[in-house]
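# Coordinates in review
The primary structure of each chain is shown beneath.
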There are 2 protein chains.
Amino acid sequence: MAGPFSSTDRADLRQAEHDVRRALGQLPLDFRSLLAVSNIFRAATAVRNHMESTVLAKERLSWSAFVVLFVLRVWGPQESHSLAKEAGITGGTLTGVMKSLEERGLARRQAHATDGRRVVVNATATGRRAVDRIMPRFNEHEALVTRDLSDAESDQLAHILRKVLRTVDEVDARG
Amino acid sequence: MAGPFSSTDRADLRQAEHDVRRALGQLPLDFRSLLAVSNIFRAATAVRNHMESTVLAKERLSWSAFVVLFVLRVWGPQESHSLAKEAGITGGTLTGVMKSLEERGLARRQAHATDGRRVVVNATATGRRAVDRIMPRFNEHEALVTRDLSDAESDQLAHILRKVLRTVDEVDARG
DNA sequence: GCGCGATCGTTCGGGGCCGAACGATACTGT
DNA sequence: ACAGTATCGTTCGGCCCCGAACGATCGCGC
């Protein structure tokens, strides 16, 4: 099977990693994890920028606004704190995002039935329709950026990243 | 070898994916690429937040400021446009980041020798020392978040993500 | 009942981030 | 030479983002 430095790795990407080793080789670094993690960010940044400019921009939706709407579409109405956590943003940020979504009639806030502190957020029918309209376009580009991956590689990628995600959650929660 | 739904995938992560299928199953979506890509973002967001709060916050460095400094440390002085591209930010953003880095004496801008439009950015000795001081700490956490990955899995992860990165670059550049 | 600590969402200040517009500079063809 | 075009970094407006501080509300112990 393909190793980490097979011919499918573009020359300049391997060169970049060589440069890092050359410049920081005297530091006691675990380059294997360094390369794994740094490539997560490189890929995430590249894909996110691609998605924002090709799919989200014409819908006038920020990344976070779309994620929030997506979460509401899939998991239904919920309180702010869980919504923020699920969307990967803080409560303070969610307030701003919700303001935008409410102004455009894509989501709504309503008081909790019994707890005066809490707020229940819900997507409007318009908001849900927006997700259903955007997701196929979004997914086309997800398929596009993974076109050179075999089915097995896509599954491996998801699998390995789930492991990382679980570890981070554990570390952040317990120590 | 481990499949995408092995016992190492935490139950709630698999549940989340099941929920997506249930809510959006009627849409014509390629769930394999959907899961692969969405896990890139989940992992990237989680790791980035972790790094910012555990390593970067005490150094009073934003993520982008550190990336810029890192790029300068490894690849040496260069012009703004290539530095911005390498750091994954736009030129407008880099101006703001550079302002912060210059105020703290970590980097410096100087006029290009022959081309009056261009600016050459360089890390100061202080800036380079900062990278060398922070990187080991940063790398400890890179190793931490990948502690449950085998060496082969870390290499696979980097390898697969390089493929994605290359594809995005090609798509954005050519069409 | 009633303080008191915990928890909720919001607000605020500072900065990151982008895309568009801009001024300055360099290159091109004629 | 020089007008037109391209490219550079910066500025600007608007939004996103976080962490800290805040007011409102709840639940617990007494």
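All of the points below concern the structure found in this document. (Residues numbered from 1 in each chain as written. Chains lettered and ligands numbered in written order. Predicted model: local features only at pLDDT ≥ 70, side-chain atom pairs only at ≥ 80, totals over all residues.)

## Here's the deal with the protein's contact with DNA strand D
By nearness alone, 26 residues border DNA strand D, and S64, G92 and G116 of chain A together with S80 and G92 of chain B come closest of all. Within the residue set of the surface near DNA strand D, elements represented by two or more residues are α3 (63–75) and α5 (91–103) of chain A together with α4 (80–87) and α5 (91–103) of chain B. With five residues, α5 of chain A is the single largest residue contributor to the surface near DNA strand D. (Near = placed C-beta within 6 Å. Helix = DSSP H or I, 4+ residues; strand = E, 2+ residues; numbered from the N terminus.)

## Here we look at the relation of the copies chain B and chain A
Each copy superposes on the other: chain B lies on chain A with an RMSD of 0.1 Å after a rotation of 180 degrees and an axial shift of 0.0 Å. Here the two chains are linked by the operation of a two-fold rotation axis. Of the residues that chain B buries at the interface, 100% are likewise interface residues in chain A, meaning the two copies contact each other through the same surface. (Least-squares fit on C-alpha atoms with pLDDT ≥ 70 in both. Contact = placed C-beta atoms within 7 Å.)

## Let's talk about the packing of α3 of chain A against helix α6 (residues 125–145) of chain A
When two helices pack together, their arrangement is given by the angle between the helix axes and by the axis-to-axis distance. Residue and element names in this part refer to chain A. Look at α3 against α6: their axes get within 9 Å of each other, and the N-to-C directions meet at 105 degrees. Regarding the angle of α3 to α6, the classification is roughly perpendicular. The segment α3 lies against α6, with F66, L69, F70, L72 and R73 engaging G127, R128, A130, V131 and I134. Residue composition of the contact of α3 with α6, grouped by class: seven nonpolar, one polar and two charged. (Axes fitted to C-alpha atoms, helices over the stretch in contact; angles between N-to-C directions. Parallel < 35°, antiparallel > 145°, perpendicular 65-115°, else oblique. Nonpolar A, V, L, I, M, F, W, Y, C, P; charged D, E, K, R; others polar.)

## Section: the sheet that holds strand β1 (residues 78–79) of chain A
All names here are of chain A. Pairing within the open sheet is antiparallel, and its three strands lie in the order β1-β3-β2. Edge strands, defined here as strands with exactly one partner in the open sheet, are β1 and β2 (107–111). Judged from the two bridges that link them, β1 and strand β3 (residues 119–123) form a sheet pairing that is antiparallel. Across the sheet, E79 pairs through a bridge with V120, a residue of β3. Lying on the sheet, α5 is in contact with β2 and β3; it crosses β2 at an angle near 110 degrees. (Pairing = 2+ DSSP bridges.)

## Quick word on unusual backbone geometry
Its identity as a non-glycine residue notwithstanding, R60 of chain A has a phi of 55 degrees, on the positive side. Counting through the fold element by element, R60 of chain A comes out in the loop between α2 (31–56) and α3.

## Looking at the sheet that holds strand β1 (residues 78–79) of chain B
All names here are of chain B. The three strands lie next to each other as β1-β3-β2, forming an open sheet whose pairing is antiparallel. Two strands bound the open sheet, and with one partner strand each, they are β1 and β2 (107–111). For β2 and strand β3 (residues 119–123), the ladder comprises five bridges, and the chain directions are antiparallel. In the sheet register, A107 faces β3, and the bridge partner there is A123. Docked against the sheet, helix α3 (residues 63–75) engages β1, β2 and β3, running at close to 90 degrees with respect to β3. Along the sheet, α5 contacts β2 and β3; its crossing angle with β2, the most-contacted strand, is approximately 110 degrees.

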